[in-house]
Amino acid sequence: MEKPNSDLEIKTEGWKQINWAKAERYVFKLQKRIYAASRRGDVKRIRQLQKTLMRSWSNRILAVRRVTVENQGKKTAGVDGVKSLSPDARLKLAGQLRITGKSMPTRRVWIPKPGRDENRPLGIPTMYDRALQAVVKAALEPEWEAVFEPNSYGFRPGRSCHDAIKQIKNCIHSKAKFVLDADIAKCFD
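Just so it is clear, the model here is predicted, and its values are computed rather than measured.

J.: Would you take a moment to explain the overall build of the protein chain for this structure?
T.: On a plain count of helices and strands, the protein chain comes out with 6 helices and 2 strands. Whereas a compact globule of 189 residues would reach a radius of gyration of roughly 16 Å, the protein chain reaches 20 Å, over 25% beyond that. Counting the 189 residues in the protein chain, one finds 29% classified as buried. In the protein chain, 62% of the contacts between residues at least 6 apart in sequence involve partners at least 24 apart. Each charge class in the protein chain can be summarised by its mean position, and for the 39 positive and 20 negative side chains these summaries are 3 Å apart.

J.: Before we go on, may I ask you to explain helix H2 (residues 43–55) in this structure?
T.: Each full turn of the α-helix corresponds to 3.6 residues, which orients residues three or four apart in the same direction. Along its 13 residues, H2 runs 18 Å from first to last C-alpha, staying within 8% of the 18 Å computed at 1.5 Å per residue. Among the residues of H2, Ile46, Leu49, Gln50 and Leu53 are the ones counted as buried. The buried side chains of H2 occupy one side of the element, clustering within an arc of 105° when seen end-on. Residues Lys44 and Arg55 are exposed on H2 and point more than 90 degrees away from its buried face.

J.: How should a positive patch on the surface be read in this particular structure?
T.: Together, Lys22, Arg25, Lys29 and Lys32 give the surface a local cluster of positive charge. Residue position: Arg25 is located in helix H1 (residues 20–40).

J.: Just checking my understanding: could you explain the packing of aromatic side chains for this structure?
T.: The geometry of an aromatic ring pair comes down to the distance between the two centres and the angle between the two planes. This structure, assessed with the given rule, holds 1 aromatic pair. Judged by centre distance (5.0 Å) and plane angle (65°), the rings of Trp15 and Trp20 are edge-to-face. No difference in accessibility class separates Trp15 from Trp20, as the two residues are buried. Lying across the ring of Trp20, Arg65 places its NZ or CZ 4.4 Å from the centre. When the ring centre of Tyr153 is taken as reference, the NZ or CZ atom of Arg159 above it lies at 5.1 Å.

J.: I keep staring at the nonpolar core and nothing clicks. Help me out?
T.: The nonpolar side chains of soluble globular proteins are, as a tendency, buried together. If you look at the biggest cluster of nonpolar residues, it comprises 28 residues, and the most contacted ones within it are Ile61, Val64 and Leu97. Mapped by element, the contributors of at least two residues to this core are H1, H2, helix H3 (57–70), helix H4 (87–96) and helix H5 (127–145). At 7 residues, the largest contribution of residues to this core is made by H1. Not counting the four nearest positions on each side in its chain, Leu97 is found in contact with Arg60, Val64, Tyr128, Ala131, Leu132 and Val135.

Basis of the calculations
Residues numbered from 1 in each chain as written. Predicted model: local features only at pLDDT ≥ 70, side-chain atom pairs only at ≥ 80, totals over all residues. Heavy atoms only, no water. Helix = DSSP H or I, 4+ residues; strand = E, 2+ residues; numbered from the N terminus. Rg over C-alpha atoms; globule rule 2.2 N^0.38 Å. Buried < 20%, exposed > 50% of the residue type's maximum accessible area, 1.4 Å probe, protein only. Contact = heavy atoms within 4.5 Å. Lys, Arg positive; Asp, Glu negative; His and termini not counted. Charge placed at Lys NZ, Arg CZ, Asp CG, Glu CD. Expected span 1.5 Å × (residues − 1). Arc of directions from axis to C-beta. Patch = residues over 30% accessible without salt bridge, like charges linked within 9 Å, V, L, I, M, F, W, Y side chains within 5 Å. Areas by Shrake-Rupley, 256 points an atom, 1.4 Å probe, with all protein chains shown as cover. Salt bridge = Lys/Arg side-chain N within 4 Å of Asp/Glu carboxyl O. Phe/Tyr/Trp six-rings, centres within 6.5 Å; stacked < 30°, edge-to-face > 60°. Lys NZ or Arg CZ within 6 Å of the ring centre and 35° of its normal. Core = buried A, V, L, I, M, F, W, Y, C linked by side-chain atoms within 4.5 Å.

These results come straight from atomic positions and should not be treated as a statement about function.
In C-alpha cells, the structure reads:
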C-alpha cells in the first residue's frame, strides 16, 4: 500500500522534536501549486489545494509558531487572557485549529495617536483566532499573489516602500514624468 502525499495526522511527540525545515518545505510546495493553479485559472484545483493546506498539520504548527513564538505581539493577551503558551499547549492548540465560522470577541484597547491627543481603538484577537487567521492566510495569499498587479506594493509579502521607490526611480530615469503625491489619510474617515 502506497503512503499518501499528505501530513494530516500528527507525527511528533513534542514541540521540540518538530522538523521545521520539512514543515516549511511542505507548506511552500503546496503554496507554489496554488500559485501555479491560480496563474492557469484552474479554480477547482485552487480550492482543492487550499483545503489540503488548511487541513495540513505542517501549516497548523507553522501558524501556531508564527503567532506564539515569532510574532512581536506574542505576549499580548486577547479576551481569554492567554499571554504565552508552553510547548505542550502549542501542540494542543495546533491540534484544535478548526474553521467553524465562529470567533471569540476581540479585546478592545485604546492606544494614543502619535502627535495628537486622540486615541484610536485596537482589537486584539485571542491566540486561537490569530493562529486560525495565519492558517487561512497561508492558503489565500498564493492565490491572490498570482493575480495582483506586478507594480502594486501595498500590504504584499516580501515588498516594501523601498521597492516602490526603486520602481518609480527606474521608470522616470530615462524621461520626464509627472509624479502625483497624495495624502489620503483622512479620505476614509
